[in-house]
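Chain by chain, the residues run as shown.
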Amino acid sequence: MTVYFIGAGPGAADLITVRGLRRLESSPVCLYAGSLVPRELLGSCPPGARMVDTANLTLDEIVAELAAAHAGGLDVARLHSGDPSVFSAVAEQMRRLDALGVPYEIVPGVPAFAAAAASLGRELTVPGVGQTVILTRTSARATPMPPGEDLRTLGASRATMVLHLAVQRIDAVVAELLPSYGADCPVAVVARASRADEVVLRGTLATIAEQVHEAGVRRTAVIVVGRVLSATQFPDSHLYSAARDRAGHGPEQPCDAS
């Protein structure tokens, strides 16, 4: 058997990958985060599948479910919101499975920050404006941030910053980023990205906190900070430039885009 850690996407049920959906359809056991994973996806589980909502389970209880499935020779679809590579709590589960000798596979998904960028109609890497994206969070109600990863330190780069799990601390986030980015720096908050009840707020570091409070956004939101959000005057990408020497080059390489 195999435990499949599947990125279920940011919210819309049709943003799961084809591979993820196929793994879900063929796994007789499904563990899912009930507060985050769209209920519509559960309809893709095979008939008679054991479905376990992990929202109120401890790590030990989750691993016990996975171990029991392993003992029974049953594949498991372990659904996580977004993509398993960031803020998914997959690492500690894999560590436990390694110790137990339980095989697993990771199936990537659409991350929340990508869905937020799509809703905003923005590219997060714009030539001449911003070519670095920092994905981070704050430490309130979560494990402490490692040394050197506080917002003031990270903000010194003035790179495009995407914050998860931070909207409840919007006032503190603004206060910590203001010295580096400036009050006029564009900011967007996207709550429940890609869902029918999505909320999109646009402003600056001077105005965004008030908008968040007025809209009552307190969870399931991504904060995006950076000049790329309003950039209109910037050079075209080198990738498609008429001046680029294409002789002898192979297929298009996205890494040459800036």
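The rules behind the values
Residues numbered from 1 in each chain as written. Predicted model: local features only at pLDDT ≥ 70, side-chain atom pairs only at ≥ 80, totals over all residues. Heavy atoms only, no water. UniProt positions renumbered as here; feature names shortened; annotations may be inferred. Helix = DSSP H or I, 4+ residues; strand = E, 2+ residues; numbered from the N terminus. Buried < 20%, exposed > 50% of the residue type's maximum accessible area, 1.4 Å probe, protein only. Phe/Tyr/Trp six-rings, centres within 6.5 Å; stacked < 30°, edge-to-face > 60°. Pairing = 2+ DSSP bridges. Axes fitted to C-alpha atoms, helices over the stretch in contact; angles between N-to-C directions. Contact = heavy atoms within 4.5 Å.

The protein chain is annotated in an unreviewed UniProt entry as Precorrin-4 C(11)-methyltransferase of Nonomuraea aridisoli. The UniProt entry for the protein chain carries this comment under Pathway (unreviewed entry): "Cofactor biosynthesis; adenosylcobalamin biosynthesis." Among the UniProt annotations of the protein chain, the heading Sequence similarities (unreviewed entry) holds the following wording: "Belongs to the precorrin methyltransferase family."

Regarding unusual backbone geometry
In the Ramachandran plot, Ala89 falls in the positive-phi region, its phi being about 60 degrees despite a non-glycine side chain. Within the secondary structure, Ala89 sits in the loop between strand 4 (76-80) and helix 3 (90-100). Note on Ala89: relative accessible area 41%, which makes it partly exposed.

Here we look at the packing of aromatic side chains
One pass over the full model with this rule turns up one aromatic pair. A centroid spacing of 6.0 Å and a plane angle of 75 degrees characterise the contact between Phe5 and Tyr104, whose relative ring orientation is edge-to-face. With Phe5 in strand 1 (residues 3-7) and Tyr104 in strand 5 (residues 104-107), this residue pair connects regions lying 99 residues apart in the sequence. What makes Tyr104 partly exposed here is its relative accessible area of 28%.

Focus on the sheet that holds strand 4
Read from one edge of the open sheet, five strands run 3-2-4-1-5, paired in parallel fashion. Edge positions in the open sheet fall to strand 3 (50-53) and strand 5, since each of these has one partner strand only. Across this sheet, the average inter-strand angle for adjacent strands is 15 degrees, counted without regard to direction. Pairing between strand 2 (residues 29-32) and strand 4: four bridges, direction parallel. Note on strand 4: the bridge partner recorded for Leu31 is Arg78. Set on the sheet, helix 2 (residues 59-71) makes contact with strand 1, strand 2, strand 3 and strand 4; between it and strand 2 the angle comes to about 165 degrees.

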